[in-house]
Amino acid sequence: MAPVFSKIGIIGGGISGLAAAKQLSHHHPVVFEATDSLGGVWKHCSFRSTKLQTPRCDYEFSDYPWPQRNNSSFPSYVEILEYLYSYAAHFDLLRFVRFNSKVVEIRFVGERKTADYGSLLPGQPMWEVAVRTDQSEGVQWYAFEFLVICTGKYGDVPNIPDFPQNKGPEIFRGKALHTIDYCKLDDEGTTQLLKGKKVAVIGYKKSAIDLAVECAEANQGPDGQTCTMVIRTLHWTVPHYSIWGLPFYLFYSTRSSQFLHERPNHGFLRSFLCPLLSPARKAVSKIIESYLISKLPLEKYGLKPEHAFEEDYASCQMAILPENFFAEADKGKIAFKRASRWWFWEGGVEFDDNTKLEADVVMLATGYDGKSKLKAIIPEPFRSLIDFPSGMMPLYRGTIHPLIPNMAFVGYIESVSNLHTAEIRCKWLARLVDEQFKLPSVEKMLQQTTKEMEIMKRTTRFYKRSCISTFSINHSDEICEEMGWTSWRKKNWLAEAFSPYNSQDYEEEK
């Protein structure tokens, strides 16, 4: 059977896939979603207690504000899913989505281009996509002129640590599972798993912290057990978005605050000033660290990181603590164990300092392997181009891989608001597809991506997360300029210097 031909295919129905479908809707794209629901990680990787880490107004589409957007509380994952479905219904995006349609293979059928990009819609198939549905044993092939990959870096493929021989979960008498499996349990299932059990949570990022609190809440009372967090790398945590009485955005999310930080293409004067501004950058980080140390019992519990706060912010790893996290630690319901290496023994977890932790349940909050998910469907020779030696994917404007033709990637760079990051890049991508501007040469695109990656490497040891949070406004400026938009979006210079940027600043220009 001949492949079904369409102009544009989109793989993934999370926030990036929805943003791409909206901006490319005039081309009637086909959106393949492997599950029966929109929402991506918000649907399939959320706990009962999972909430957004920012206020509503910092996580919304530019043309579809939240109802009650000035509500300062952080919405739950259920509220976020309702918002995403409301957005999809409002713009009639569900007509493009094919649910329960898992992409299992992609193959390139165009002529390999190693020089400048031509038209992204050449009028003939460039990629063929094999899709398996719940109703079929076989696959249906589709052909597209242009393909947008929106499968994201999180979810689907758990990152499971490597263990020494005969020291993996197979020898553990209790129950070991990854957070992706925990997310599938209902309230009764999670309570049954955790209540009265000695639980070890491996990790210290947001999902591990939320899970530890859920475990503590399930073990209230005299018969409740302690949840122990096993921590290899410490990260800075924040109780709320206020530092010494000042709004957090003043420190990193305004044009004036980001002036202190290195960014690509900043010219001779900025190149000269950037080293001179280093003490100011360090001072900002120290001010925030001093507040967190005074506000939270980090030293009491041995949870004060050795690295600067700026490194966590620059790698998009700043976690907002649940209100009762340290209250549960004070009650003895949450404990902490630092360890560089660990493995299983029959009764729990063993560490490289020759100590053992008894456990009934071991929860792996060890993240996801997004690159493996991507490499499973991208064919050679393109698969080998996904990673540079640095471990990061070189994406021009966070979207186009200069060496992979007629394909875009949305959702693979991070910022403080990944929804805004995805949406503005999809606006840029739609105008590129419509030939309102042209890409630079492959060489210039690679030069740009290399500059950005080098800045990330100089800013944080956690650079492989591909986070642009310290130069996000500059990143959006360059996207606006390429689209022919005004890059300075505020109404006056005072707001331009000291107000935070969000999606509402990037509404369509009339």
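Definitions and cut-offs
Residues numbered from 1 in each chain as written. Predicted model: local features only at pLDDT ≥ 70, side-chain atom pairs only at ≥ 80, totals over all residues. Heavy atoms only, no water. Helix = DSSP H or I, 4+ residues; strand = E, 2+ residues; numbered from the N terminus. Rg over C-alpha atoms; globule rule 2.2 N^0.38 Å. Buried < 20%, exposed > 50% of the residue type's maximum accessible area, 1.4 Å probe, protein only. Contact = heavy atoms within 4.5 Å. Areas by Shrake-Rupley, 256 points an atom, 1.4 Å probe, with all protein chains shown as cover. Lys, Arg positive; Asp, Glu negative; His and termini not counted. Charge placed at Lys NZ, Arg CZ, Asp CG, Glu CD. Patch = residues over 30% accessible without salt bridge, like charges linked within 9 Å, V, L, I, M, F, W, Y side chains within 5 Å. Salt bridge = Lys/Arg side-chain N within 4 Å of Asp/Glu carboxyl O. 1 Å grid on protein atoms, 1.4 Å probe; cavity = no way out; pocket = protein on both sides within 12 Å on 5 of 7 lines; lining within 4 Å. Points joined across faces, edges and corners; volume = space filled by probe spheres on them. Nonpolar A, V, L, I, M, F, W, Y, C, P; charged D, E, K, R; others polar. Expected span 1.5 Å × (residues − 1). Arc of directions from axis to C-beta. Pairing = 2+ DSSP bridges. Axes fitted to C-alpha atoms, helices over the stretch in contact; angles between N-to-C directions.

Below, the discussion takes up the overall build of the chain. From N to C terminus, the chain includes 17 helices and 19 strands. Whereas a compact globule of 510 residues would reach a radius of gyration of roughly 24 Å, the chain reaches 23 Å, a difference of no more than 12%. The principal-axis extents of the C-alpha atoms in the chain amount to approximately 70 × 60 × 45 Å. Per-residue burial for the chain yields a buried fraction of 55% across its 510 residues. Counting only contacts in the chain whose residues sit at least 6 apart along the sequence, the fraction spanning at least 24 positions is 72%. Of the roughly 22500 Å² of accessible surface on the chain, a fraction of 51% belongs to carbon and sulfur atoms. Each charge sign in the chain was given a centre, from 60 positive and 61 negative side chains, and these centres are 3 Å apart.

A contiguous nonpolar patch, built from Leu246, Tyr249, Leu250, Trp493, Leu494 and Phe498 and spanning about 620 Å² of accessible area, is present on the exposed surface. For the nonpolar patch, the elements supplying multiple residues, two or more each, are α7 (249-252) and α17 (493-498). Tracing the chain through its elements places leucine 250 in helix α7. Note on leucine 250: relative accessible area 33%, which makes it partly exposed.

A word on the layout of surface pockets. If a probe as big as a water molecule is rolled over the atoms, it shows which places are left empty. For the second largest pocket, the calculated volume is near 610 Å³. If you trace the second largest pocket, you find 25 residues lining it, with Lys51, Ile320, Leu321, Pro322 and Glu323 closest to the centre. The class makeup of the residues in the lining of the second largest pocket is 12 nonpolar, six polar and seven charged.

To continue, consider helix α10 (residues 278-295). For α10, with 18 residues, the first-to-last C-alpha span of 26 Å sits near the 26 Å given by 1.5 Å per residue. By the burial criterion, the buried members of α10 are Ser278, Arg281, Val284, Ser285, Ile288, Glu289, Tyr291 and Leu292. Axial view of α10: buried residues confined to an arc of 165°, hence all on one face. In α10, the exposed positions that point more than 90 degrees away from the buried face belong to Pro279, Lys282, Lys286 and Ser294. Looking at the buried side of α10, the elements it contacts are β10 (237-238), β11 (242-243), α7, α9 (267-276) and α11 (309-313).

Next up on the list: the environment of cysteine 274. Turning to its location among the elements, cysteine 274 is positioned in helix α9. Each C-alpha atom of the pair cysteine 274 and leucine 446 lies 23 Å from the other, and the pair is 172 residues apart in sequence. Those residues in contact with cysteine 274, other than ones at most four positions away along the chain, are His261, Glu262 and Arg281.

A word on the sheet that holds strand β17 (residues 356-358). Sheets are built from strands that pair by backbone hydrogen bonding, the pairs being arranged parallel or antiparallel. Spatially, the three strands line up as an open sheet ordered β15-β16-β17, and their pairing is antiparallel. One side of each edge strand has no neighbouring strand; the edge strands of this open sheet are β15 (342-345) and β17. The sheet shows a mean angle of 30° between the axes of neighbouring strands, taken without regard to direction.

Moving on, we come to empty space enclosed by the protein. Scanning the model with the defined rule gives five cavities of 30 Å³ or more in all. Here the largest cavity is characterised by a volume of approximately 90 Å³. In terms of lining, the largest cavity is formed by 13 residues, of which the most central are Met393, Leu395, Ile413, Glu452 and Met456. The element contributing the most residues to the lining of the largest cavity is helix α15 (residues 442-459), with four residues. When grouped by side-chain class, the residues that make up the lining of the largest cavity number eight nonpolar, four polar and one charged.

Next up on the list: the pattern of salt bridges. In the structure shown here, the tally under the stated rule is 28 salt bridges. Of the charged contacts, one joins lysine 427 and glutamate 508 as a salt bridge, the two residues approaching to 3.9 Å between their closest N and O atoms. In this pair, lysine 427 sits in helix α14 (residues 418-433) while glutamate 508 sits in the segment after α17, placing the two residues 81 residues apart along the sequence. By relative accessible area, lysine 427 is classed as buried at 1%. Notably, a salt bridge pairs aspartate 505 with lysine 490, separated by 3.0 Å at the nearest N-O pair. Taken together, the residues aspartate 505 in the segment after α17 and lysine 490 in the loop between α16 (472-483) and α17 connect sequence positions 15 residues apart. Here aspartate 505 matches lysine 490 in class, with each residue buried. Each of Arg48, Glu214 and Glu217 takes part in one network of salt bridges that share partners.

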